[in-house]
Amino acid sequence: MRTDAFALRHIGTGENDLNHMLQTIGVDSLDQLIFETIPDDIRLKNELNLDEPMTEYEYLNHIQELGKKNKVFKSYIGLGYNPAIVPAVIQRNIFENPGWYTAYTPYQAEIAQGRLEAILNFQTTVIELTGMEIANASLLDESTAAAEAMALLFDVRSRDQKKNNVTKFFVSEEILPQTLSVLQTRSTPLKIELVVGNHETFDFSKEFFGAILQYPGKYGQANDYTSFIAKAAENEIKVAVAADILSLAKLKSPGEMGAAVVVGTTQRFGIPMGYGGPHAAFFATKDEYKRSMPGRIIGVSIDVNGNRALRMALGTREQHIKREKATSNICTAQVLLAVMAGMYAVYHGPKGLKYIANKVHASAHTTAEELNKLGVYQTNTSFFDTILVKADAAKVKAIAERNEVNFFYVDAETISISFNETTSINDINQIIGIFAEATGKEFTPVKILLPSGRITENLERTSTFLQHDVFNNHHSESQLMRYIKKLERKDLSLNHSMISLGSCTMKLNAAAEMLPLSMANWNNMHPFAPIEQAEGYLTMLKKLEQQLNVVTGFTGTTLQPNSGAQGEYAGLMAIRAYHLSRGDDHRTVCLIPSSAHGTNPASAAMAGMDIIVTKTTPEGNIDVEDLRARAIEFKDRLSCLMVTYPSTHGVFESSIIEITDIIHENGGLVYMDGANMNAQVGLTNPATIGADVCHLNLHKTFAIPHGGGGPGVGPICVNDKLVPFLPTNPVIKVGGDQAITAISAAPYGSALVCLISYGYICMLGAEGLTKSTKHAILNANYMKARLEAHYPVLYSGEMGRAAHEMILDCRAFEDNGIKVTDIAKRLMDYGFHAPTVSFPVAGTLMIEPTESEDLAELDRFCDAMISIRKEIAASTKDDAQNILKNAPHTLAMVTANEWVYPYSRENAAYPLEYIAENKFWPTVRRVDEAYGDRNLVCSCAPIEAYM
Ligand SMILES: *Cc1c(COP(=O)(O)O)cnc(C)c1O
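Residues numbered from 1 in each chain as written. Predicted model: local features only at pLDDT ≥ 70, side-chain atom pairs only at ≥ 80, totals over all residues. Heavy atoms only, no water.

> For this particular structure, what's the right way to read the overall build of the protein?
Looking only at helices and strands, the protein has 30 helices and 26 strands in total. Taken over C-alpha atoms, the radius of gyration comes to 28 Å for the protein, in line with the 30 Å a tight globule of 947 residues would show. Across the protein, contacts joining residues at least 24 apart in sequence account for 77% of those joining residues at least 6 apart. Accessible surface for the protein amounts to roughly 32,300 Å². Of this, 49% is attributable to carbon and sulfur atoms. Looking at charge distribution, the protein has the averaged site of its 84 positive side-chain charges lying 4 Å from that of its 107 negative ones. (Helix = DSSP H or I, 4+ residues; strand = E, 2+ residues; numbered from the N terminus. Rg over C-alpha atoms; globule rule 2.2 N^0.38 Å. Contact = heavy atoms within 4.5 Å. Areas by Shrake-Rupley, 256 points an atom, 1.4 Å probe, with all protein chains shown as cover. Lys, Arg positive; Asp, Glu negative; His and termini not counted. Charge placed at Lys NZ, Arg CZ, Asp CG, Glu CD.)

> Just checking my understanding: could you explain the UniProt feature "domain: Glycine dehydrogenase C-terminal" (unreviewed entry) in the protein for this structure?
UniProt records the feature "domain: Glycine dehydrogenase C-terminal" (unreviewed entry) for residues 772–889 in the present numbering. What you have in residues 772–889 is 38% helix and 10% strand, and the ends, taken at the C-alpha atoms, are 36 Å apart. (UniProt positions renumbered as here; feature names shortened; annotations may be inferred.)

> In this structure, what is going on with the packing of aromatic side chains? I would like to understand it.
Centre distance and the angle of the planes are the two values used to describe a pair of aromatic rings. Applying the stated criterion across every chain, the model contains 31 aromatic pairs. Where W522 meets Y537, the ring centres are 4.9 Å apart and the plane angle is 85°; that geometry is what we call edge-to-face. A residue pair is termed long-range when its members are at least 10 positions apart, and W522 in helix α18 (residues 520–523) and Y537 in helix α19 (residues 535–552) qualify at 15 residues. A relative accessible area of 0% means that W522 is categorised as buried. Residue classification places Y537 among the buried positions, given a relative accessible area of 0%. (Phe/Tyr/Trp six-rings, centres within 6.5 Å; stacked < 30°, edge-to-face > 60°. Buried < 20%, exposed > 50% of the residue type's maximum accessible area, 1.4 Å probe, protein only.)

> Help me understand the site of the ligand, please; the structure alone is not making it clear to me.
Every one of the 14 residues lining the ligand counts as a neighbour, but T332, S503, D673, H699 and K700 are closest to it. In this structure, G564 approaches the ligand through a main-chain N or O atom, which is 2.7 Å from an oxygen atom. About the coverage of the ligand: the protein hides 98% of its 380 Å² of free accessible area. Among the elements that take part in the shell around the ligand, helix α20 (residues 564–581) stands out by supplying 3 residues, more than any other. Of the residues assigned to the shell around the ligand, the class counts are 3 nonpolar, 8 polar and 3 charged. (Near = heavy atom within 4 Å. Polar contact = N/O pair within 3.5 Å; in protein donor to acceptor, adjacent residues only side chain to side chain. Nonpolar A, V, L, I, M, F, W, Y, C, P; charged D, E, K, R; others polar.)

> Honestly, the packing of helix α3 (residues 30–37) against helix α25 (residues 751–787) in this entry has me stumped. Any pointers?
Working note: a packed helix pair is described by the angle between its axes plus the distance between those axes. Close contact between α3 and α25 brings their axes to 10 Å; oriented N to C, the two are set at 85°. Between α3 and α25, the interaxial angle falls into the category roughly perpendicular. Contacts from L30, D31, L33, I34 and T37 of α3 reach α25 at K774, H775, I777, L778 and N781. Its residues assigned to classes, the contact of α3 with α25 shows 5 nonpolar, 3 polar and 2 charged. (Axes fitted to C-alpha atoms, helices over the stretch in contact; angles between N-to-C directions. Parallel < 35°, antiparallel > 145°, perpendicular 65-115°, else oblique.)

> What is the right way to look at the sheet that holds strand β20 (residues 693–696) in this model?
Through backbone hydrogen bonds, the strands of a sheet pair up, either in parallel or in antiparallel fashion. One open sheet holds the 7 strands; their spatial order is β15-β21-β20-β19-β18-β16-β17, and the pairing between them is mixed. At either end of the open sheet lies a strand with only one pairing partner, and these are β15 (556–558) and β17 (610–614). The average angle at which neighbouring strand axes cross in this sheet is 20°, direction not considered. Bridge count for β15 against strand β21 (residues 716–718) is 3 bridges, and the pairing is antiparallel. Its bridge partner lying in β21, G556 is registered against V718. Running over the sheet, α19 touches β15, β20 and β21 and is turned about 125° from β15. Of the strands in this sheet, β16 (589–593), β18 (638–644) and β19 (669–674) are in contact with helix α23 (residues 656–665), which crosses β19 at around 140°. (Pairing = 2+ DSSP bridges.)

> Help me understand the environment of G197, please; the structure alone is not making it clear to me.
Mapped onto the secondary structure, G197 falls in strand β4 (residues 193–197). On the basis of relative accessible area, G197 is assigned to the buried category, the value being 13%. In this structure G197 touches F170, V171, S172 and E173, once residues within four positions along its chain are discounted.

> Is there a simple way to think about the packing of helix α4 (residues 56–67) against α25 in this case?
Viewed as axis vectors pointing N to C, α4 and α25 meet at an angle of 135°, and their least axial separation amounts to 10 Å. When the axes of α4 and α25 are compared, the pair comes out oblique. Of the two elements, α4 crosses α25, and the hand of that crossing is right-handed. Only L755, Y758, G759, C762 and M763 of α25 make contact with α4, whose side of the interface consists of E56, Y59, H62, I63 and L66. Tallied by class, residues from the contact of α4 with α25 come to 7 nonpolar, 2 polar and 1 charged. (Left-handed = near helix turned anticlockwise from the far one by under 90°.)

> Would you mind going over the UniProt feature "domain: Glycine cleavage system P-protein N-terminal" (unreviewed entry) in the protein with me for this structure?
Within this structure's numbering, the places UniProt gives as "domain: Glycine cleavage system P-protein N-terminal" (unreviewed entry) are residues 9–435 and 470–727. The annotated region residues 470–727 carries 34% helix and 13% strand content, and the separation between its end C-alpha atoms amounts to 42 Å.

> I would appreciate a short explanation of the sheet that holds strand β9 (residues 297–303) in the present structure.
Sheet architecture is open: 3 strands sit in the order β10-β9-β26, paired in antiparallel fashion. A single partner strand is all that each edge strand has here, and the edge strands are β10 (308–313) and β26 (927–928). Pairing geometry for β9 and β26, over 2 bridges, is antiparallel. Looking at β26, one finds that I302 is bridged to D928. Lying on the sheet, helix α7 (residues 113–130) is in contact with β9, β10 and β26; it crosses β10 at an angle near 70°.

> What is the right way to look at the nonpolar core in this model?
Taken as a class, soluble globular proteins show a tendency for nonpolar side chains to be buried jointly. If you look at the biggest cluster of nonpolar residues, it comprises 295 residues, and the most contacted ones within it are M343, F407, I415, I417, F435, Y537 and I823. The dominant element in this core, judged by the number of residues it contributes, is α25, at 20 residues. Judged by nonpolar contacts, the second largest core, of 29 residues, contains A604, M606, V693 and I743. (Core = buried A, V, L, I, M, F, W, Y, C linked by side-chain atoms within 4.5 Å.)

> Would you mind showing me how to read the side chain of S875 here?
By the secondary structure assignment, S875 is in the loop between α27 (855–873) and α28 (891–894). A distance of 2.7 Å separates a polar side-chain atom of S875 from the backbone oxygen of E871. For S875, the side chain forms a polar contact with the side chain of N882, separated by 2.9 Å.

> Would you explain unusual backbone geometry in this entry?
With the exception of glycine, most residues fall at negative phi, and the peptide bonds are largely trans. Of note, the amide linkage connecting Y645 to P646 takes the cis form, showing an omega dihedral of -15°. Note the cis peptide between F839 and P840, where omega equals 0°. In this model, L79 sits at a positive phi of 55°, which is unusual for a non-glycine residue. One can find L79 in the loop between β1 (74–75) and α5 (88–95).

> Looking at this model, I keep getting lost on the environment of M498. Mind explaining?
Tracing the backbone through its elements, the reader meets M498 in the loop between α16 (477–489) and α17 (511–514). Using a relative accessible area of 1% as the deciding quantity, one classes M498 as buried. When near neighbours in sequence (up to four residues on either side) are disregarded, M498 contacts M783, F832, H833, P849, E853, E857, L858 and F861.

> In this structure, what is going on with the pattern of salt bridges? I would like to understand it.
A full pass over the atoms with the stated rule returns 41 salt bridges. The salt bridge involving K825 is made with E110; its shortest N-O contact spans 2.9 Å. Taken together, the positions of K825 in helix α26 (residues 820–829) and E110 in the loop between α6 (98–101) and α7 put the pair 715 residues apart, joining distant regions of the chain. The shortest N-O distance in the salt bridge between D287 and K290 comes to 3.4 Å. You can call K290 buried: its relative accessible area is 16%. Via salt bridges that share partners, D244, R268 and D385 belong to a single interconnected network. (Salt bridge = Lys/Arg side-chain N within 4 Å of Asp/Glu carboxyl O.)

Written out as structure tokens, the structure is:
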């Protein structure tokens, strides 16, 4: 047997554990367990058709070689993506550190104070630079953030506007092309009419509810929008501004101009371009719109002792929880990238940011002046970092490419050049040299940057920003390194213990999968670089698409969506386009079982569908008769069914083929939510169960780390019927021959992190992938066998098996005064992150161990749960000083001179033996959710402001 196979590193339980585990479950073999779990009629007969697995060493060599096929030219393309310097201290201590990148979304605030603070820094950075009142914890990319701004402005229309059906939205022709494309996609199903034009000639009329402007414009022109926004206000038109975050260190903020929403990307705050992503977009608005805000907001609150504690604010208002009433479906966002961007602001501080912005501007200005001497005229009247020059584009392009330089060629005689933080004097001379050669003129190299600039006086920023201590006290590397470590220590991540989040598949994110993200040939590519320069990327991305086709049994894949929910939206839009292409305009009904994840109805609402919720049986399955009745009732209008498989209850429903047949017989298509794909890979697939399209969460099943709430990748895989409708991009052509417009900004979404899933599949191969699935099912059923004597397990397959996850029913413990959250908090004292709380059933815990956990870790978790069960049994309703209710116990509490509780300090902090050698201390006590919502603070305000 090979001992260097990656499968041995990825899969936690080995051959030696197998007998014991199978015995505990009560089966003879792993195959028997799988037979009892997955209905026979949907089992795959053949192994997946994938290449032989590589070892970690082979893979790293392979990816290094493939990387050499990416020609990384100097990029002055701009259009929302700029070369950036990732501060080494941030690269090493956050980007490459599992303590940060393996964390889960901070729902369990008491063990997430570190990243919550880091995101608060991000929000503060955004609020102050944009001049707005409130900002969220990141969105997927600038273009989708712009679409969210449009949706928010549509949602907050006045009563009169709603009554008069005011549906027009003005889009400045200065908007980035990819943003325009995403706005087209997102406006259509909402019946918003886009009007694209010049903001200077726009005639303000009552027919418009909103407008969006780009600041500075796509080719660099910086306009003062103050009077536009004022005139718009007179006509009840609210204005969103898509702004360049770095420019705001130098330019008057959109907030000061009166904007209602400001969006953009923070990529150039120390995030690699990565051939399109991942990057954190930002969304800032006024306090009055906070209830309509998309995404998550981090806010300041207090714990039971009144100490400052952070948590996700307005939690229940998370958009997708509004289900079919939602106006946004954001779940996974871009938290890791937001953490990095916020830390970039901490590291540079206001002075550093201003210095960088000045330098970038001076580079642009100096180059413009020199080009002018060559007779190459610059046409922007005011600009920050981008100059627009008149020259023979074909001639310049040939010379530039020979010098390994990319500009953006607007048309035959117009070239746009965007400068960035990395631009040096040498670079400037290289640019001037290219134009000198093209014009056949001599030039004298510049030695210094010109001091004065080309920003009109009214646009110069005069207001201060980022005056708080945190942005002014961490400018040496030791300071920042320790600050990052201090925050990291407050958070429980996969490098401490298992995070058994049902539906979220927190598996190993292997170092060998992650390493290539730091390689310069991979992370410095601009997404709009000419495709012949991106051969490495295109080879890898095509290969990954094929691998995912094989895994799902489908024929086409797009990697564009950068979250699962966005994949849902993309899939539904492809279904919509399919029906429209056949003249079936009326097929708009989307059936969704009541047990579906909240993003399903939210996505369907955004896709303009009419949602019909179908029933679930007491056993947790889809009520087939209700589904049939609904499908027949709406057969003339049926668009599709959204179904999660195995179900959100963690069961392989045996009626799935019957279910998908019913939908097809009535003219609909089947969308499969692939969040539970970890139970399918290699054993069955969406095509086999009769689906037409599915999304995959590469950040669940395919090893991309969760990042504390993103990045994600949510590709959709489709059959022949839907391949023609896969989305395109306006700059780099991708997608089907009847492609829908863009789903996200970049042609391949978050291409950089696709490397992780590619590596995962390359190293596991067919056998390793299938074995992973079997072990995921094995681990879940082992835990079920150990726990079911102590906790009722809700829902099982017909032969009593769980799939890859199971639900523990905790509702009866309310008789002892114990709620499910008390168990979640008490688990922290035992060194564990809670499983999924109250999804898909309120009052329950959903446990998904994944294949990566080893037997000892599974046993520790089971021991903790069993020990907690004894504590529950000893609890009574009127027990005010209950060990569960007081959980989690902090170090300060346990070491205080005073101890007033009826149980011992040892029981509080060290209830089981294993804890002593690896204790994790929550840094705050139980967080008061309601307090913070009543006093919403979502930036680093001074302590007096909220106490
Ligand atoms: C995670 C999940 C989603 C949403 O995926 P995101 O990447 O967070 O947008 C949708 N459905 C189910 C069942 C999920 O578990």
